[in-house]
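Examining the three-dimensional arrangement
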Amino acid sequence: MQKIKLKSKHEAATGTTAFYFEKPADFTYTAGQFAELTLIDPPETDAEGNTRAYSIASAPYEADLCFTTRMRNTAFKRVLDSLPLGAEVWLDGPFGNFLMPSNPNTLAVFLIGGIGITPVRSMILQATHDQRPNQTFLFYSNRTPADAAFLEELRDASHKNPFLTFVPTMTNVGDTVPWNGKTGYISAQLLLEYLPKPDLATYYLCGPAAMVTAMHKLLTDMGIYNENIHTEEFSGY
Ligand SMILES: Cc1cc2nc3c(=O)[nH]c(=O)nc-3n(C[C@H](O)[C@H](O)[C@H](O)COP(=O)(O)OP(=O)(O)OC[C@H]3O[C@@H](n4cnc5c(N)ncnc54)[C@H](O)[C@@H]3O)c2cc1C
């Protein structure tokens, strides 16, 4: 465990804050991993305690450590949000093996909803930076574009990375929100539009349990084998 210092924060999407911490010189991780953050002497706490797991949203090549979360009204998040710049928290990790495939020929397909994008931002930006040759599809579902963290960065990555196809879809745009892209939930029909042979892919599901469960069912209903599905569940939502 070591202490890390808050450098800056900004709104990454509606009600969603990205926190940037100084990365210790000896801290190394692989894109997709998570860490545990522990508040130091917080003015309030609750039954869940002072520690939460957060995927590392920054890519390893980036200078800072970024953690991004939906800002609900819980003791942990109230304290995190009120930390002044320069304040410290404990960092433990990295943990987890939700990682890009090691085989460069593996077709990687991400089915992601909402805040589940955090480890995927790290994986996609690192893969783009390293020019990894894995053919990759990122299906990213949100209610509206304003709710979609890192939308522009991911779009930008798809312009730079010839192996990446980015398919954002919005479930609640109606007539009032400007949006030219796909609408509705991630469905078998949407997947088949892009993946002529879905059984040849390795799938990555990440986010709150309900999202991961729904996407897992979608895939098993399509006949995808369990061993080709990797999941990272965000407990606590
Ligand atoms: C490997 C891993 C990676 C993760 N990565 C991320 C990440 O990158 N970003 C991220 O945001 N989270 C991530 N999480 C989840 C994160 O650790 C927290 O659990 C989550 O942010 C919720 O914390 P909290 O303080 O809001 O709620 P907690 O205090 O942990 O809430 C506990 C329970 O209280 C209830 N609850 C609390 N507040 C509300 C509310 N306002 N409305 C309804 N019910 C409520 C919920 O039922 C919840 O299950 C990750 C979890 C894991 C295990």
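Please refer to the structure higher up on the page.
Residues numbered from 1 in each chain as written. Predicted model: local features only at pLDDT ≥ 70, side-chain atom pairs only at ≥ 80, totals over all residues. Heavy atoms only, no water.

On to the site of the ligand. The environment of the ligand is formed by 21 residues, the closest being Ala53, Thr69, Thr74, Thr118 and Tyr237. At 2.8 Å from an oxygen atom of the ligand is found a side-chain nitrogen or oxygen belonging to threonine 118. Taking serine 235, its main chain carries an N or O atom lying 2.8 Å from an oxygen atom of the ligand. In isolation the ligand has 950 Å² of accessible area, and contact with the protein removes 74% of it. When atom positions are compared with the pocket grids, the ligand is found to occupy the largest pocket. Of all elements in the fold, only β4 (51-55), β5 (64-70) and β12 (229-234) reach the threshold of two or more residues within the shell around the ligand. (Near = heavy atom within 4 Å. Polar contact = N/O pair within 3.5 Å; in protein donor to acceptor, adjacent residues only side chain to side chain. Areas by Shrake-Rupley, 256 points an atom, 1.4 Å probe, with all protein chains shown as cover. 1 Å grid on protein atoms, 1.4 Å probe; cavity = no way out; pocket = protein on both sides within 12 Å on 5 of 7 lines; lining within 4 Å. Sits in = over half its atoms within 2 Å of the grid points. Helix = DSSP H or I, 4+ residues; strand = E, 2+ residues; numbered from the N terminus.)

Secondary-structure assignment places alanine 57 in the loop between β4 and β5. Under the relative-accessibility criterion, alanine 57 is labelled buried at 0%. Considering only alpha carbons, one finds alanine 57 and valine 120, 63 residues apart in sequence, at a separation of 7.4 Å. Excluding residues that lie within four positions of it along the chain, alanine 57 makes contacts with Cys66, Thr68, Thr118, Arg121, Ser122 and Phe150. (Buried < 20%, exposed > 50% of the residue type's maximum accessible area, 1.4 Å probe, protein only. Contact = heavy atoms within 4.5 Å.)

Here the focus is the side chain of threonine 144. Along the chain, threonine 144 turns up in the loop between β8 (136-142) and α3 (151-160). You can call threonine 144 buried: its relative accessible area is 14%. Non-local contacts of threonine 144, meaning those with residues more than four positions away in its chain, are made with Met170, Asn172 and Val173.

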